[in-house]
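# Coordinate inspection notes
As a plain string of letters, each chain reads:
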Amino acid sequence: MLKKLFPIIIVFLLFFTSTHAQEILTNPLSERITEYDIQVKLDTETKKLSGQMVLKWKNPSQDTVRDLQFHMYLNAFKNDKSTMMSEGSSFLSKEENWGWVEIQSIIDPEGLDLTSGMRYLQPDQAIDEKTLRLPQEKPEQMRDPETDQTVLSIPLDKPVLPGDSLEVKINFISKLPKLAKRTGYAEDYYFVAQWFPKLGVYEPAGMRYAEKCGWNTHEFHRNSEFYANHSLYNVDITLPEDYIVGSGGVLQNTESHADGTMTHTFRAEDIVDFAWTASQEYQVFEDQWRHVNIKFLCHPEHAYQAERHIIALKHALEYLTEHVGPYPWPHVTFIGPPMKGSAAQGMEYTTFFTAGTVWGLPEGIRMPELVTVHEFGHAYFMGILATNEFEEPWMDEGINTYWEGRIMDHAYGSKTSVLDLPFINIGDLETARFTYLLMKNPKIADGYRASWEFPHGSYGAVIYQKSATWLHMLERMIGQPVIDEIFKRFYQRWGFKHPATQDFIDIVNEVVSEYHGDLFGESMDWYFDQFLKSSKMMDYTIESIRVRSIKEKGGLFGESGNQEFRESETVENMFKSEVRLERLEEAIVPVEILVHFDNGDEILERWDGKSRAHDFVYERAEKVVWAKIDPEMKMLMDANLMNNSYTREPSKMSAVKYSGKFLFLIQNLMQFAGIFN
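On a predicted model such as this, the values are computed, not experimentally measured, just so you know.

## Focus on the nonpolar core
Nonpolar side chains in soluble globular proteins generally cluster together in the buried interior. With 180 residues, the main nonpolar core has W195, W276 and F376 as its most contacted residues. The element that contributes the greatest number of residues to this core is helix α7 (residues 459–478), accounting for 12 residues. Leaving out residues up to four positions away in the same chain, W276 has contacts with L42, L49, Y190, F191, V192, W195, I237, L239, V245, G246, S247 and F352.

## Quick notes on the pattern of salt bridges
Throughout the structure, instances matching the rule amount to 32 salt bridges. The shortest N-O distance in the salt bridge between R208 and E391 comes to 3.1 Å. Of the two residues, R208 sits in the loop between β11 (201–203) and β12 (214–216) while E391 sits in the loop between α4 (367–384) and α5 (397–412), which places them 183 residues apart along the sequence. Taking relative accessible area as the criterion, R208 reaches 14% and is therefore assigned buried. Since its relative accessible area comes to 1%, E391 is described here as buried. Across the pair K415 and E430 runs a salt bridge, and its minimum N-O distance is 3.3 Å.

## A few points about the sheet that holds strand β21 (residues 347–348)
Strand order in this open sheet of five strands is β18-β19-β20-β22-β21, and the pairing throughout is mixed. Each edge of the sheet is formed by a strand with only one pairing partner; in this case those strands are β18 (283–289) and β21. As paired elements, strand β19 (residues 292–298) and strand β20 (residues 331–336) share six bridges and run parallel to each other. Each residue of the ladder has a partner; that of C298, found in β20, is G336.

## Quick word on unusual backbone geometry
Here R290, not a glycine, exhibits a phi torsion of approximately 50°, which is positive. Secondary-structure assignment places R290 in the loop between β18 and β19. Of note in the backbone geometry, H498 takes a positive phi value of approximately 60° without being a glycine. Along the chain, H498 turns up in the loop between α8 (480–494) and α9 (501–516).

## Description of the side chain of T34
Looking at the element boundaries, T34 is found in strand β1 (residues 34–43). If we skip the residues at most four places from it in the chain, T34 touches K56, W57, L199, N229, H230, S231 and L232.

## What about the sheet that holds strand β29 (residues 591–597)?
If you trace the four strands from one edge of the open sheet to the other, you get β30-β29-β32-β33, paired in antiparallel fashion. This sheet does not close on itself; its edge strands, each paired only once, are β30 (602–607) and β33 (645–647). In this sheet, adjacent strand axes meet at a mean angle of 20° when their direction is disregarded. By the bridge criterion, three bridges tie strand β32 (residues 624–629) to β33 in an arrangement that is antiparallel. Looking at β33, one finds that K628 is bridged to S645.

## Section: a nonpolar patch on the surface
On the surface, M339, V358 and M367 cluster together into a nonpolar patch covering about 230 Å² of accessible area. Secondary-structure assignment places V358 in the loop between β22 (352–354) and α4. Note on V358: relative accessible area 30%, which makes it partly exposed.

## Notes on the pairing of β20
Counting buried positions along β20 yields six of six residues, so the element is predominantly enclosed. Burial along β20 is two-sided: the residues H331, T333 and I335 and V332, F334 and G336 are all buried. Regarding topology, helix α3 (residues 306–323) serves as the crossover connection from β19 to the parallel β20, and that connection is left-handed.

## Re the packing of aromatic side chains
Enumeration according to the criterion identifies 47 aromatic pairs in this entry. Aromatic pair W329 and F496: ring centres 6.1 Å apart, planes at 70°, arrangement edge-to-face. Highlighted residues: W329 in the loop between α3 and β20 and F496 in the loop between α8 and α9, separated in sequence by 167 residues. Taking the centre distance of 6.3 Å and the plane angle of 75° together, the rings of F376 and Y380 count as edge-to-face. Pair noted here: F376 and Y380 are both in helix α4, with a separation of four residues, about one helical turn. With respect to burial, F376 and Y380 carry one shared label: buried. Against the face of Y227 rests R208, its NZ or CZ located 5.4 Å from the ring centre. One Lys or Arg, R620, reaches over the ring of F597 and ends 4.0 Å from the middle of that ring.

Quick notes on the rules
Residues numbered from 1 in each chain as written. Predicted model: local features only at pLDDT ≥ 70, side-chain atom pairs only at ≥ 80, totals over all residues. Heavy atoms only, no water. Core = buried A, V, L, I, M, F, W, Y, C linked by side-chain atoms within 4.5 Å. Buried < 20%, exposed > 50% of the residue type's maximum accessible area, 1.4 Å probe, protein only. Helix = DSSP H or I, 4+ residues; strand = E, 2+ residues; numbered from the N terminus. Contact = heavy atoms within 4.5 Å. Salt bridge = Lys/Arg side-chain N within 4 Å of Asp/Glu carboxyl O. Pairing = 2+ DSSP bridges. Axes fitted to C-alpha atoms, helices over the stretch in contact; angles between N-to-C directions. Patch = residues over 30% accessible without salt bridge, like charges linked within 9 Å, V, L, I, M, F, W, Y side chains within 5 Å. Areas by Shrake-Rupley, 256 points an atom, 1.4 Å probe, with all protein chains shown as cover. Right-handed = clockwise from strand over helix to strand, strands pointing away. Phe/Tyr/Trp six-rings, centres within 6.5 Å; stacked < 30°, edge-to-face > 60°. Lys NZ or Arg CZ within 6 Å of the ring centre and 35° of its normal.

Dropping the structure here:
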């Protein structure tokens, strides 16, 4: 009997061992609403991918779902009539440079091919009150074309009931574009992203802004990034065997074939997207940080910078783990694209991202470190929290830029984290602040809108730099331990659950109240209303300091016939000092003012900042010499720090002080023009 069962036991053990070996995480991090099993083959001559995909999806709502909606991202590169291409100048010309994706068949569980019902949607043409869009401010040239093919609806023959699951089999072909917008090919180099039909997010009623159940899918816009469920991926990639492949998954197996190709099998768990890269020239550098295996792939011209990239990544892992929460995956892969593949630089896919650099950079120019830290940070705010980058881009890019600044300034110095050269030193925080304030029109847009609704190229400065600046200011107001607790609680409560802006604000209000009571008011809503949800600017100034001797009141006193004349006389050693403050802009913030007297005494005053003008008046033997608004430099959103102080008796150091300020301004202008063009 045992002999008869032996083959069955062997097969069972082999299957169990194989299945168990594929698991990356002991316990799922998410609900894994979607699962993708993909087999894809790259034709390096035609730049086409031939794919077969089994998609499993669970209906997370109480609704009966009658269609599937897919992102067909590569169709943004199909022609100039796509939404993305219509939002700016075309960057593709030759026929072979364009890209597209087509579903050849989609088979439901009953064996029915559903392709006959497919139709493309343009959801962003409609005014949808649940989103943050302000269509009345959208210029005509930004209107979405009806020819866009980046969102596809496929009606189901049999609807998916609440809580039920669906499995479909899809055959597709993708033509990669010439490398642009971080996907495609450059000669024999490949960075393959947004390459397969990707299911949208079905939002149950009450999730984020959804008043009723429905698909949340948006067209591929020039500025927009992505929104997706945390998913399970098993991906087989077949291509010529001399290519080195990297991805967001863990390599499970490789298999060589007689035709000179090789299949690389990857598995990724609880990530929001799967991208991969291939090159014949990659050099692979491996390292370890605690439980995390690190792989860095780069071309030979950047190999000498590998250590800089890896050290920067370790700084980010250490800092975010301590101040936000643990990095849950045991792996991370990142790449340094070659010069010909520079259009792939600076992009993130949770456990896989691209860095950015150029050949010959000295160590004092920390571009490799900055891009590495920034792109890895997305693993938390795009990956773990998985906010909707289409509708609320500040929640990923803005928050991530804030943490980039903290990590860079902590690791490389607050005045040297971006540039550390003999005559120019610049930190990350001041880079963000100046980039925002040196906009031609810092009031052009608020930060609480969809990613494609920023006019005149304002998206980057408003979403990245402005958001980072007001978050740094919030930190200085409430204290670093308090903002750390905010983000730790945000991570714990909303990890793998797609939070919205209000969810973050609710936690801010909760934590600030616990630590500070009503010091900042009943809530911090006023702060977000001004700096996130409006384009108001902030500027407080000391208009002047006036000092005069105090005199007794003179004139006629008493009734007619019994009047007494008194001469106005100076009171010895008594002076009236007035510190005159003004609010020049619309934003209102409580401010502190340090007042210094000629005997060395100092008084720290507090003003609610609400009125347009406010005076502090002192009658005493000592004269006010100088005063300074915000002596601890908390108010980073103040547009003009030069008018925050006033001195009655300029010291001999004034020339030195102002020449130093001028040099600092010139340095930052040079940085702004040279890096953030």
